[in-house]
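Structural overview
Chain by chain, the residues:
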Amino acid sequence: PVGRHVLLIADLEVSAGSELDGATAQEVHQSGLLRLLAVEPAGGGPVNWSLPGALRLGAQDRLYVIATRAGLSRVLARSRQPR
């Protein structure tokens, strides 16, 4: 815990057609709720731990985040394809 918040470390996949498909790394960050730590590109390859804010995310990229419960819930919703 940090202060009164429990922080969670999670990895998630960006679904094709989701809000995060085509978003920049900077657009994932939510102050006080979520920070994007690293991105593993679709199809494998080295994990990028030095993220430029302009890095574009794509379908099947794997994101590594640290977040509050609320932040994790929001990013999970944003990473899924709309129904």
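The paragraphs below set out a description of the structure included in this document. Just so it is clear, the model here is predicted, and its values are computed rather than measured.

Topic: the overall build of the protein chain
Scanning the protein chain from N- to C-terminus turns up two helices and three strands. Projecting the C-alpha coordinates of the protein chain onto the three principal axes gives extents of approximately 35 × 30 × 20 Å. Every one of the 83 residues in the protein chain was classed for burial, and the buried ones make up 31%. Looking at the protein chain alone, contacts between residues at least 24 apart form 76% of all its contacts between residues at least 6 apart. As displayed, the protein chain has an accessible area near 5200 Å², and 51% of this comes from carbon and sulfur atoms. Both charge centroids of the protein chain, one from 9 positive and one from 7 negative side chains, sit 11 Å from each other.

So, the sheet that holds strand β2 (residues 34–40)
Spatially, β1-β3-β2 is the arrangement adopted by the three strands of the open sheet, whose pairing is antiparallel. This sheet does not close on itself; its edge strands, each paired only once, are β1 (8–13) and β2. Strand-to-strand, the axes of this sheet are offset by a mean angle of 25°, without reference to chain direction. Here β2 runs beside strand β3 (residues 62–67); their pairing, made up of six bridges, is antiparallel. Following the sheet pairing, L36 is matched in β3 by V65. Its contacts with the sheet put helix α2 (residues 69–79) on β1, β2 and β3, and the angle it makes with β1 is roughly 0°.

Details of the environment of G17
The residue G17 is located in the loop between β1 and α1 (25–28) in this model. Classification of G17 by relative accessible area gives partly exposed; the value is 47%. G17 sits 64 residues away from Q81 along the chain, and the two C-alpha atoms are 5.4 Å apart.

Some points on α2
Residues of α2 that are buried: G71, L72, V75, R78 and S79. Projected onto a plane normal to the axis of α2, the buried residues spread over an arc of 130° and lie on a single side. Residues of α2 that are exposed and angled more than 90 degrees away from the buried face: R69 and A77. The secondary structure elements touched by the buried residues of α2 are β1, α1, β2 and β3.

A closer look at the nonpolar core
Within the largest apolar cluster, 16 residues are counted, with the highest numbers of intra-cluster contacts made by L20, V28, L36, L63, V65, L72 and V75. Taken together, the elements giving at least two residues each to this core come down to β1, α1, β2, β3 and α2. With residues near it in sequence (within four places) discarded, V28 still touches L20, L34, L36, L57, V75 and R78.

What counts and what doesn't
Residues numbered from 1 in each chain as written. Predicted model: local features only at pLDDT ≥ 70, side-chain atom pairs only at ≥ 80, totals over all residues. Heavy atoms only, no water. Helix = DSSP H or I, 4+ residues; strand = E, 2+ residues; numbered from the N terminus. Buried < 20%, exposed > 50% of the residue type's maximum accessible area, 1.4 Å probe, protein only. Contact = heavy atoms within 4.5 Å. Areas by Shrake-Rupley, 256 points an atom, 1.4 Å probe, with all protein chains shown as cover. Lys, Arg positive; Asp, Glu negative; His and termini not counted. Charge placed at Lys NZ, Arg CZ, Asp CG, Glu CD. Pairing = 2+ DSSP bridges. Axes fitted to C-alpha atoms, helices over the stretch in contact; angles between N-to-C directions. Arc of directions from axis to C-beta. Core = buried A, V, L, I, M, F, W, Y, C linked by side-chain atoms within 4.5 Å.

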